[in-house]
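# Observations on the three-dimensional arrangement
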Amino acid sequence: MPKVALSNDLVREFVGSAHADLSKVQTLLAQEPGLLHASMNWGGDDWETALGAAAHVGRRDIAQFLLSKGARIDLFAAAMLGELELVKSTLTQYPQQLHALGPHGITLYQHALIGGEHAKEVAAYLKSLLYKDEEGSAHMIVVENRIEVRAGMADAVLERFRTPKSVHTFKGFVRMDVLHAAASEETEEIRVCTTWESEADFQAWANSDSFRHAHAKRASEAAAKSDGQPAHGSAHGGGHGHGAHGGAQAPAAGEAPASGPIVGNKVTIYKVVVSHLPEAAAAETV
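Residues numbered from 1 in each chain as written. Predicted model: local features only at pLDDT ≥ 70, side-chain atom pairs only at ≥ 80, totals over all residues. Heavy atoms only, no water.

### Side note on the pairing of strand 3 (residues 141-150)
In this structure, strand 3 lies alongside strand 5 (residues 187-196), joined through 10 bridges in antiparallel fashion. Among the inter-strand pairings, V143 is bridged to a residue of strand 5, identified as T194. Both strand 3 and strand 6 (residues 262-271) contribute to a ladder of 9 bridges, which runs antiparallel. Across the sheet, V149 pairs through a bridge with I262, a residue of strand 6. (Pairing = 2+ DSSP bridges. Helix = DSSP H or I, 4+ residues; strand = E, 2+ residues; numbered from the N terminus.)

### Comments concerning the UniProt feature "repeat: ANK" (unreviewed entry) in the chain
Residues annotated in UniProt with the feature "repeat: ANK" (unreviewed entry) correspond here to residues 46-78. End C-alpha atoms of residues 46-78 are separated by 20 Å, and the span's content is 61% helix alongside 9% strand. (UniProt positions renumbered as here; feature names shortened; annotations may be inferred.)

### Brief notes about the pattern of salt bridges
Taken as a whole, this structure holds 10 salt bridges when the rule is applied. A salt bridge links R191 to E189; the nearest nitrogen and oxygen atoms lie 2.6 Å apart. Several salt bridges converge on common partners, so that one network encompasses E144, R146, E189 and R191. (Salt bridge = Lys/Arg side-chain N within 4 Å of Asp/Glu carboxyl O.)

### Focus on unusual backbone geometry
Here the phi dihedral of D45 falls at roughly 65 degrees; this positive angle occurs in a residue that is not glycine. As for its position among the elements, D45 is in the loop between strand 1 (39-41) and strand 2 (47-49). When its relative accessible area of 63% is taken as the criterion, D45 is described as exposed. Positive phi, close to 65 degrees, is recorded for H104, a residue that is not glycine. With respect to the secondary-structure elements, H104 resides in the loop between helix 6 (84-93) and helix 7 (108-114). In this structure H104 comes out as partly exposed when scored by relative accessible area, which is 38%. (Buried < 20%, exposed > 50% of the residue type's maximum accessible area, 1.4 Å probe, protein only.)

### Overview of the sheet that holds strand 4 (residues 173-182)
One open sheet accounts for 4 strands, arranged 4-5-3-6; its pairing is antiparallel. Looking at the sheet topology across the chains shown, the edges are occupied by strand 4 and strand 6. Shown here is a sheet whose adjacent strand axes are inclined to one another by a mean of 15 degrees, direction ignored. In this structure, strand 4 lies alongside strand 5, joined through 9 bridges in antiparallel fashion. Among the inter-strand pairings, L179 is bridged to a residue of strand 5, identified as R191. (Axes fitted to C-alpha atoms, helices over the stretch in contact; angles between N-to-C directions.)

### Looking at helix 6
Of the positions making up helix 6, those classed as buried are L84, V87 and L91. Looking down the long axis of helix 6, one finds its buried residues gathered within 70 degrees of arc, a one-sided arrangement. Exposed residues on helix 6 whose side chains face more than 90 degrees from its buried face are E85, T92 and Q93. Close packing links the buried residues of helix 6 with helix 5 (75-81), helix 7 and helix 8 (120-131). (Arc of directions from axis to C-beta. Contact = heavy atoms within 4.5 Å.)

### Things to note about helix 4 (residues 60-68)
An α-helical turn contains 3.6 residues, so a residue and the one three or four places further along point in the same direction. Here helix 4 has its buried residues at I62, A63, F65 and L66. One side of helix 4 holds all its buried residues, which, seen down the axis, span an arc of 160 degrees. The inward-facing, buried residues of helix 4 contact helix 1 (8-17), helix 2 (22-31), helix 3 (50-56) and helix 5. Positive backbone phi, approximately 105 degrees, marks G70, located one or two places after helix 4.

### Regarding the nonpolar core
Of all hydrophobic cores here, the largest spans 24 residues; its most connected members are F14, V25 and L66. Mapped by element, the contributors of at least two residues to this core are helix 1, helix 2, helix 3, helix 4 and helix 5. Here this core takes 5 residues from helix 3, the largest share from any one element. Apart from residues lying up to four places away in sequence, L66 is in contact with F14, V25, L36, A50, L51 and A71. Core analysis: the second largest hydrophobic core is formed by 19 residues, I141, I147, L158 and F211 among them. (Core = buried A, V, L, I, M, F, W, Y, C linked by side-chain atoms within 4.5 Å.)

Now the structure itself:
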């Protein structure tokens, strides 16, 4: 006698329950044992079993119950459960599985992370494989100069960034973004953010003759002003955006100059950890 196909609504209920409700999973499986291996297609070829559901949300108790009933273990569940030897042997034989995606596009590494303390060795192992090619390699950075300006005087500083400077021609320079906002009734804030392919590229610019000459020129212009006012933009180190770094003429963080638009500034270097581009998002929806 042929088996009757399971109701799509029943499969949906079972797989959905496996994300959070062990009691409901136990009840439904007792009523219909065929649910154990059933998969739900959520659309876009996104297939998920009850074990897959429990694995990606870190429900160790539900996953172990399903496995005790004969569910077919997969690499993602093994990672969440902390089955290090199983994960290692599989990836040794099939290394491309390191980049396989589970239900909802969730990675193998994410499954290990959600496994918490039980899966910390698996997470460490997967991380070592994922990032071993990046050890010692250059990381993209963003260098931010946060400039505090007297209220109503921001335009005098912003004008220096209307046209490209020599920094834009240097190796490793990616882009510059100049941000402006009112900070308080007394001050405005300008953030000059330059993105570089590596910190070495940024340091090469900061120690270049071009950098030094530009800042020396601005300092000379400031000293020559008979009224004691700094030359336009000189307090900002020649308008490059990171004057406080590498011996520039900008005031140190928290140190207010005697006159001029700039109250103080602070330079911070950030390592770019993650970047998401529009085309990447489009690829995920295909």
